[in-house]
Amino acid sequence: MKKVLIIKHGSLGDIVFSLPVMHSIKKHFFKEEIDILTEKKYFFFFKDSKYFNNLIEDNRIKNIFKILNLLFKLRKNKYDLIIDLQNSARTSFYNFFFRILSKSKISSSTYFAHERYIIPPQGTETTTQGLFNQIKLINILDSSNTEYSWLEKKLDIRYDSKIILFIPGVSSTGKYKQWQPEKFAKIAKYCENLGYKVCVVGNSSDRNSTAPIFNKCSNVIDNIDKSPPNIIYSIAKKASLIITNDTGPGHIASLSGTKILWILNDNKITASNIKNNKNNYKILSNNVKNITEEQVIEFLNIKKLL
C-alpha cells in the first residue's frame, strides 16, 4: 500500500466512535500516505490528531454533478485502499463508483466492497466494535491504549478545584434521549452542596437545557458556546465525575477516562453507542424521562462516585 483513503462523515458522536479505529489504521499504515474524506466542520479536529496527510472536504451535498466531480477528483489520487467507516447509502454509491472506475480495494459494510463486513442486528455490538470487526478483515487489528493527548488544552485556575462536569443538552434530533434539565439542576445543586464546583458545556442551542442549573447553583463555570471538543476533553480530564445524556459532547468527554454517569434509554441505540467498561456507569429506563433525581442520588452514593 502507498495511498489510503478513509471516508468518515456523521455526527460528533459518530466521529468519536471511529477515533480508536483511525488510530489503529494509522499505526498499521504508519509509512503510507493516509487521507480522510470528511465534512469541513471536522477539519480542525482531524488536523490536531495528526492521523492524516490530507483532509478532503465532503459536506454531503445532494447535487449529483458535484458529487461526481468530487469522485473523479479523488480517482486521480489513485488510492490503493479505501476504508469506508461511514457505511451509508451515500458511501455505497461512492464504493460503486470506485469499484467500477478505479483499481482501489475497498473495505466497507456496504455493497460493492471487496472486503465487506456484514453488520449484525443493532445492539449486538457497539459501533466502535463493529468498525474494528470491519478492518480486521483487511488484517488491521485493534491497537489498544489509544492516545488522546492531542486533544488536551491548558485550562485556567477555575478548574483546579473539585469539578463535576454536566452535559444536559442534546441535539435537535436527540430530544427523546434527554433527561429533563430540571432534574440535572437538582443533581447539580446536590453536588454543589457537597463542595463540588459545577461546570456545564454545550452550544448556544443548549441555553434552555442549562438555564435551570444556573438558576439553582450559585457558582457555575459557564462554557456554553465555548465548548469545542478539545475544551470538553480537557475539562473532563480535570473533573471528578461527568454526568451526561447520550450525546456527542458526552462521548468526547468519555475519551478522558474520567468516571462518567450516563442517564439513558434502555434500547438498542444505547447498546450500540455506549460500551461496558470500568469508567462507564449507566442508569437505564425504557424512557429516560422516568428516571428520578432520587434514583440518581442513590446511585451516586451506592457506587461512591462522589
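Residues numbered from 1 in each chain as written. Predicted model: local features only at pLDDT ≥ 70, side-chain atom pairs only at ≥ 80, totals over all residues. Heavy atoms only, no water.

Draft legend 1. Structural context of the overall build of the protein. Helices and strands together make up the secondary structure of the protein, namely eleven helices and twelve strands. A compact globule built from 306 residues should have a C-alpha radius of gyration of about 19 Å, and the protein, at 21 Å, falls within 12% of that. Oriented by its inertia axes, the alpha-carbon framework of the protein measures out at about 65 × 40 × 35 Å. Classification of the 306 residues of the protein by burial places 54% in the buried group. A separation threshold of at least 6 residues defines the contact pool for the protein, and within that pool the share at least 24 residues apart is 60%. By element, 51% of the accessible surface of the protein is carried by carbon and sulfur atoms, the whole surface being about 14800 Å². The distance from the centre of the 46 positive side-chain charges to the centre of the 27 negative ones in the protein is 3 Å. (Helix = DSSP H or I, 4+ residues; strand = E, 2+ residues; numbered from the N terminus. Rg over C-alpha atoms; globule rule 2.2 N^0.38 Å. Buried < 20%, exposed > 50% of the residue type's maximum accessible area, 1.4 Å probe, protein only. Contact = heavy atoms within 4.5 Å. Areas by Shrake-Rupley, 256 points an atom, 1.4 Å probe, with all protein chains shown as cover. Lys, Arg positive; Asp, Glu negative; His and termini not counted. Charge placed at Lys NZ, Arg CZ, Asp CG, Glu CD.)

Draft legend 2. Expanded view of the environment of Tyr281. Take Tyr281: it is sitting in strand β12 (residues 280-285). By relative accessible area, which is 18% here, Tyr281 ends up buried. Each C-alpha atom of the pair Tyr281 and Leu305 lies 9.5 Å from the other, and the pair is 24 residues apart in sequence. What Tyr281 contacts, discounting residues up to four positions off in sequence, is Lys259, Ile260, Leu261, Trp262, Phe299, Lys303 and Leu305.

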